[in-house]
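Here is what each chain is made of, one letter per residue.
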Protein chains: 2
Amino acid sequence: MVDQLEIFKALSNKSRLDILNWLKEPQSSFPGQEVYGFEHGVCVGQIQQKAGLTQSTVSEYLSILQRAGLVKSTRVGQWTYYQRNEETFQVLSRLIQSEI
Amino acid sequence: MVDQLEIFKALSNKSRLDILNWLKEPQSSFPGQEVYGFEHGVCVGQIQQKAGLTQSTVSEYLSILQRAGLVKSTRVGQWTYYQRNEETFQVLSRLIQSEI
DNA sequence: TTTACATATCGACTTTTCCCGATATTCCTA
DNA sequence: TAGGAATATCGGGAAAAGTCGATATGTAAA
């Protein structure tokens, strides 16, 4: 169950759009961070560094993206890895074509 | 030239989403208003009544939607008719599939 | 089991958005 | 060309979003 409005609000912020874009191709967006591995996505710290925002802000933004269904997270040890939830993007794309 | 961020901001409001939806099928969304004709879209007053917002707010919202490229307007006499700009919706849909 | 680190949450402040009433502009008609 | 109707713009108060620093929570390693 997707909430259009919540998705659009989540997408109404430059930094959050950037983050989603970086997560499209983690290896090229976060070079030299292979040490963390990318199987589960990218961890908060890496994103924070690249975004140039505080840790709390990035954590908050990732929650917003997750609540909207645009990303999903996996906890591995002390790290939380985030990756895109492509399904939602597909649903949204179709929604815009037919529903909105 | 579409500005993603501007589009998403325009879509981040319940009333504006409603308006876009009403404009999908003017005849069924605005019954009994055939007197105005629908060739050029729907005029501000009709939308205002249905939205239950003030005239100034609706006018403002329509400007926001227009700046984002989601609607286009035609002035006919003292009326300004608004209609959807379907092209932008198609572009946006594809953008979400491939770019964002 | 204490410590150190990664992330999440909280409280506060600033900026933006929402939405209104009042006023201005545009255009038609008498 | 004066008046009236439709729309646009302006100024402002309230609510929401953006963003931070400080603190709490969870997890791993010493």
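Attention in this report is confined to the structure presented alongside it. What you see is a predicted model; the values in this text were computed from it and never measured. (Residues numbered from 1 in each chain as written. Chains lettered and ligands numbered in written order. Predicted model: local features only at pLDDT ≥ 70, side-chain atom pairs only at ≥ 80, totals over all residues. Heavy atoms only, no water.)

Details of the interface of chain A and chain B
In this complex, chain A contributes 21 residues to the contact, which on the side of chain B involves 21 residues. Overall, the association of chain A and chain B removes approximately 1,900 Å² of surface from exposure, summing both partners, and the carbon and sulfur fraction of that is 60%. A per-residue breakdown of the area chain A buries against chain B is headed by Phe 8, Ile 96 and Ile 100 of chain A, which together make up 29% of the total. One can count zero salt bridges joining chain A with chain B. (Contact = heavy atoms within 4.5 Å. Buried area = accessible area lost by both parts, 1.4 Å probe. Salt bridge = Lys/Arg side-chain N within 4 Å of Asp/Glu carboxyl O.)

Remarks on the nonpolar core
One finds Leu 70 of chain A together with Leu 70 of chain B to be the most contacted residues of the largest nonpolar core, which totals 56 residues. Those residues in contact with Leu 70 of chain A that sit more than four places away from it in its chain are Ile 7, Ala 10, Leu 11, Leu 20, Leu 65, Gln 83, Arg 84, Asn 85, Thr 88 and Phe 89 of chain A. (Core = buried A, V, L, I, M, F, W, Y, C linked by side-chain atoms within 4.5 Å. Buried < 20%, exposed > 50% of the residue type's maximum accessible area, 1.4 Å probe, protein only.)

Observations concerning the pattern of salt bridges
Residue and element names in this part refer to chain A. Here the structure, examined in full by the defined rule, presents four salt bridges over all chains. For the salt bridge of Asp 18 with Lys 14, the shortest nitrogen-to-oxygen distance reads 3.2 Å. In this pair, Asp 18 and Lys 14 both sit in helix α2 (residues 14-22), four residues apart, roughly one turn of the helix. For Arg 84, the salt bridge identified is with Glu 86, shortest N-O distance 2.7 Å. A relative accessible area of 6% places Arg 84 in the buried class. (Helix = DSSP H or I, 4+ residues; strand = E, 2+ residues; numbered from the N terminus.)

Thoughts on the sheet that holds strand β2 (residues 71-76) of chain B
Ordered by their spatial adjacency, three strands build an open sheet running β1-β3-β2 (chain B), and the pairing between neighbours is antiparallel. Bordering the open sheet on either side are β1 (42-43) and β2 of chain B, each of which pairs with just one other strand. (Pairing = 2+ DSSP bridges.)

Describing the protein's contact with DNA strand D
With respect to spatial proximity, 20 residues lie near DNA strand D, and among them Ser 56 and Tyr 61 of chain A together with Gly 45, Ser 56 and Ser 59 of chain B are the closest. Counted by atom, the contact set of DNA strand D within 4 Å of the protein is 65% sugar and phosphate. Thr 57 of chain A places a side-chain nitrogen or oxygen 3.0 Å from a phosphate oxygen of DNA strand D. Elements represented by at least two residues in the surface near DNA strand D include exactly α5 (55-67) of chain A together with α4 (44-51), α5 (55-67) and β3 (79-84) of chain B. Here the residues of the surface near DNA strand D are counted per class, giving six nonpolar, 12 polar and two charged. (Near = heavy atom within 4 Å. Polar contact = N/O pair within 3.5 Å; in protein donor to acceptor, adjacent residues only side chain to side chain. Nonpolar A, V, L, I, M, F, W, Y, C, P; charged D, E, K, R; others polar.)

Topic: the packing of helix α4 (residues 44-51) of chain A against α5 of chain A
Residues and elements named next belong to chain A. Between α4 and α5, the least distance of the axes is 9 Å, while the angle of their chain directions is 115°. Judged by the inter-axis angle, α4 sits roughly perpendicular to α5. Crossing handedness for the pair α4 and α5: right-handed. Here α4 contributes Val 44, Ile 47, Gln 48 and Ala 51 to the contact with α5, which in turn contributes Gln 55, Val 58 and Leu 62. Looking at the contact of α4 with α5 residue by residue, the class counts come to five nonpolar, two polar and no charged. (Axes fitted to C-alpha atoms, helices over the stretch in contact; angles between N-to-C directions. Parallel < 35°, antiparallel > 145°, perpendicular 65-115°, else oblique. Left-handed = near helix turned anticlockwise from the far one by under 90°.)

Some details on the protein's contact with DNA strand C
Lining the immediate environment of DNA strand C, one finds 20 residues, of which Gly 45, Ser 56 and Gln 78 of chain A together with Ser 56 and Tyr 61 of chain B sit closest. Tyr 82 of chain A places a polar side-chain atom, nitrogen or oxygen, 3.1 Å from a phosphate oxygen of DNA strand C. Contact distances for DNA strand C include 3.5 Å between a phosphate oxygen and a side-chain N or O atom of Lys 9 of chain B. Counting only elements with at least two residues in the surface near DNA strand C, the list comes to α4, α5 and β3 (79-84) of chain A together with α5 of chain B.

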